[in-house]
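One-letter residues, chain by chain:
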Amino acid sequence: MDKIVIEGGRPLKGRVKVGGSKNSALPLMAATLLTSKKVVLSNVPDLADVKTMLRLLQALGVQTRSLFGRVNFAATKIKKNEAPYDMVRRMRASVLVLGPLLARTGLARVSLPGGCAIGARPINLHLAALEKMGAKIKLAEGYVEAKCKRLKGARIVFEKVTVTGTENIMMAAALAKGTTVLENAAREPEIVDLANLLRKMGAQITGDGTSQITIEGVDELSGATHRVIPDRIEAGTFMVAAAMTRGDVVIEDIDPLHVDALSQKLRDAGAEVQVQNDQARVIGPKVVRPVDVITDPYPGFATDLQAQFMALMAIAAGTSTITETIFENRFMHVPELKRLGADLKIKGNTVVVKGVEHLNAAPIMASDLRASACLVLAGLASKGVTEIHRVYHIDRGYESIEKKLRKLGARIRRAKVKY
Ligand code: EPZ
């Protein structure tokens, strides 16, 4: 078990390159199940969740070879049709193999993911859509079993915007017979990235990036080569870090459009945000202004940046409100931020943040991936030495975050915890 130790109070300065998107790499990897031909993905981030997905695909029979972020996949023959509990419990995104496995082989058994720290996170919308496409769905002993000789196209109206739900059904529909129309589809950049890979493989997809996606099923898909888009959440995390520490940081290899909602809010908070081509420069303000935020599906303010932005508001000169509309329990960072001296009050799905002059170091504990990122940011802006325990959460979504922050001048290191 590791901890991260941060001596706060130093401005971040310099340039940092963002890695490939975790939430794009995972569906792209699942899509390799749809063809027996070779698929090559580049800019794949070296993260715990990516390693889990690799192990799951290998268990299903996919041959993989990874070298410096470039991964070859060959699902020549599917050996197994089951995603076991001990893998799915580690990573809910394992549910992304359900659609492609069912479309490719006619049978998929995936352990129900169970809840996670931020909420119940059911997959009912994924299952209802597959049923509409002709799949027989059975729930038994904690597994969902989906069977269907060949899925048929259907019109699916998602009653809630679901990112992995949209991805699962888009992949399943690519090999279905006939046309599938997804209404109220997710519009995240990761959906468009997956559609781009599927089109390279021969799928007929239009409307990705809008709330209506149309997929004409084909009989089989070919191989392809594709670069994973940059991680907009990692980019946003570094942008907030610069704003919190009165820093001056250039974040490289990003798509500025993907961080537009955050850029606007950082400007409202007094930061200077200059975007051009594939870079964003963020100069932190002397005084942080309070700004209200409500999370929303893309292109709204990302729920995955809610905790990080709350850390910034904790040291603003005034009161702001942060409202979480996507998940029912995504305030696990609040009690930890309060240990650092933040003045926060939870009122339903809103936190009222009363800015304080500065935060003070204390030992704290990470609870989930984005909460741990928030605590690292808070540690960077706290007076004194902050220790963050259970940092395995952060390794799921950030590749060597302490190395990247040290390069920007942060006094941060990882240490073993002797329990
Ligand atoms: C994806 O999760 C991301 N994960 C999450 O990132 C992200 O927070 C989330 O989208 C929202 O943007 C990946 O892409 C791997 P949803 P996902 O289905 O797809 C409810 C991170 O930190 N819902 O869009 O699981 C659900 O409970 C992670 O990188 C149903 O009710 O989220 C939630 O309240 C955390 N039934 C809302 O919809 C369903 O069948 C949005 O969930 C599906 C979802």
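Once that is clear, we can look at the overall build of the chain. What the chain contains, in helices and strands, is 14 helices and 26 strands. For 419 residues, the compact-globule formula gives about 22 Å, and the C-alpha radius of gyration of the chain, at 21 Å, lands near that figure. Its C-alpha atoms give the chain principal-axis dimensions of roughly 65 × 45 × 40 Å. Counting only residues that meet the buried cut, the chain has 58% of its 419 residues in that class. At a minimum sequence separation of 6, the contacts of the chain that also span at least 24 residues come to 73%. Here the chain displays about 16,700 Å² of accessible surface, and carbon together with sulfur accounts for 52% of that area. Between the mean site of the 61 positive side-chain charges and the mean site of the 42 negative ones, the chain shows a separation of 4 Å.

A cluster of basic residues, Lys13, Arg246, Lys286 and Lys383, forms a positive patch on the protein surface. Secondary-structure assignment places Arg246 in the loop between helix H8 (232-244) and strand S15 (248-252).

A separate point is the nonpolar core. Within the largest apolar cluster, 77 residues are counted, with the highest numbers of intra-cluster contacts made by Val97 and Leu198. With residues up to four places along the chain from it excluded, the contact list for Val97 reads Ala30, Leu33, Met53, Leu56, Leu57, Leu60, Ala83 and Val110. Among the nonpolar cores identified, the runner-up in size contains 71 residues, and Val288, Ala311, Ala373 and Ile412 belong to it.

Spatial strand order, S4-S5-S3-S14: four strands in an open sheet with mixed pairing. Strand pairing shows two members of the sheet lacking a second neighbour, strand S4 (63-67) and strand S14 (224-227), which therefore form its edges. Here the strands of the sheet are splayed against their neighbours by 15° on average, with no regard to which way each runs. When S4 meets strand S5 (residues 70-74), the two strands line up antiparallel, connected through five bridges. Each bridged residue has a counterpart across the sheet, and for Arg65 the counterpart in S5 is Asn72. Along the sheet, helix H7 (residues 189-200) contacts strand S3 (38-42) and S14; its crossing angle with S14, the most-contacted strand, is approximately 160°.

With that out of the way, let us pick up the sheet that holds S15. Hydrogen bonds along the backbone pair up the strands of a sheet, which may run parallel or antiparallel. The strand order across the open sheet formed by four strands is S2-S15-S17-S16, and the pairing between neighbours is mixed. Across the chains shown, the open sheet's two edge strands, defined by having one partner strand only, are strand S2 (13-17) and strand S16 (272-276). Each neighbouring strand pair of the sheet contributes to a mean axis angle of 15°, computed without reference to strand direction. Across five bridges, the pairing between S16 and strand S17 (residues 279-283) is antiparallel.

Take the side chain of Thr35 next. Inspection of the secondary structure puts Thr35 in the loop between helix H1 (22-31) and S3. The exposure class assigned to Thr35 is buried, which follows from its relative accessible area of 1%. Within polar-contact distance, the side chain of Thr35 engages the backbone oxygen of Leu221 at 2.7 Å. Setting aside anything within four residues of it in sequence, one finds Thr35 in contact with Ala75, Arg104, Met201, Leu221, Ser222 and Gly223.

The next thing to look at is the site of the ligand. Looking at the ligand, there are 23 residues lining it, with Asn124, Thr162, Thr164, Asp304 and Ile326 nearest. Val163 has a polar backbone atom sitting 2.8 Å from an oxygen atom of the ligand. A distance of 2.6 Å separates an oxygen atom of the ligand from a polar side-chain atom of Thr164. Protein chains shield 90% of the accessible area of the ligand, which is 830 Å² for the free molecule. With three residues, the single largest contributor to the shell around the ligand is helix H5 (residues 124-132).

Another point: unusual backbone geometry. Residues Tyr298 and Pro299 are joined by a peptide bond in cis, for which omega reads 10°. By secondary structure assignment, the location of Pro299 is in the loop between strand S18 (293-294) and helix H10 (306-313). Even without being glycine, Asn43 reaches a positive phi, approximately 60°. Note that Asn43 resides in the loop between S3 and helix H2 (48-60).

Attention now goes to H2. Taking 1.5 Å of rise per residue, 13 residues should cover 18 Å, and H2 covers 19 Å from first to last C-alpha, within 8% of that figure. Regarding H2, the residues found buried are Asp49, Val50, Thr52, Met53, Leu54, Leu56, Leu57 and Leu60. Check the buried side of H2 and you find it contacts H1, S4, S5, strand S6 (82-83), helix H3 (85-88) and helix H4 (98-105). Directly beyond the C-terminal end of H2, a positive phi value near 110° is found at Gly61.

Calculation notes
Residues numbered from 1 in each chain as written. Predicted model: local features only at pLDDT ≥ 70, side-chain atom pairs only at ≥ 80, totals over all residues. Heavy atoms only, no water. Helix = DSSP H or I, 4+ residues; strand = E, 2+ residues; numbered from the N terminus. Rg over C-alpha atoms; globule rule 2.2 N^0.38 Å. Buried < 20%, exposed > 50% of the residue type's maximum accessible area, 1.4 Å probe, protein only. Contact = heavy atoms within 4.5 Å. Areas by Shrake-Rupley, 256 points an atom, 1.4 Å probe, with all protein chains shown as cover. Lys, Arg positive; Asp, Glu negative; His and termini not counted. Charge placed at Lys NZ, Arg CZ, Asp CG, Glu CD. Patch = residues over 30% accessible without salt bridge, like charges linked within 9 Å, V, L, I, M, F, W, Y side chains within 5 Å. Salt bridge = Lys/Arg side-chain N within 4 Å of Asp/Glu carboxyl O. Core = buried A, V, L, I, M, F, W, Y, C linked by side-chain atoms within 4.5 Å. Pairing = 2+ DSSP bridges. Axes fitted to C-alpha atoms, helices over the stretch in contact; angles between N-to-C directions. Polar contact = N/O pair within 3.5 Å; in protein donor to acceptor, adjacent residues only side chain to side chain. Near = heavy atom within 4 Å. Expected span 1.5 Å × (residues − 1).

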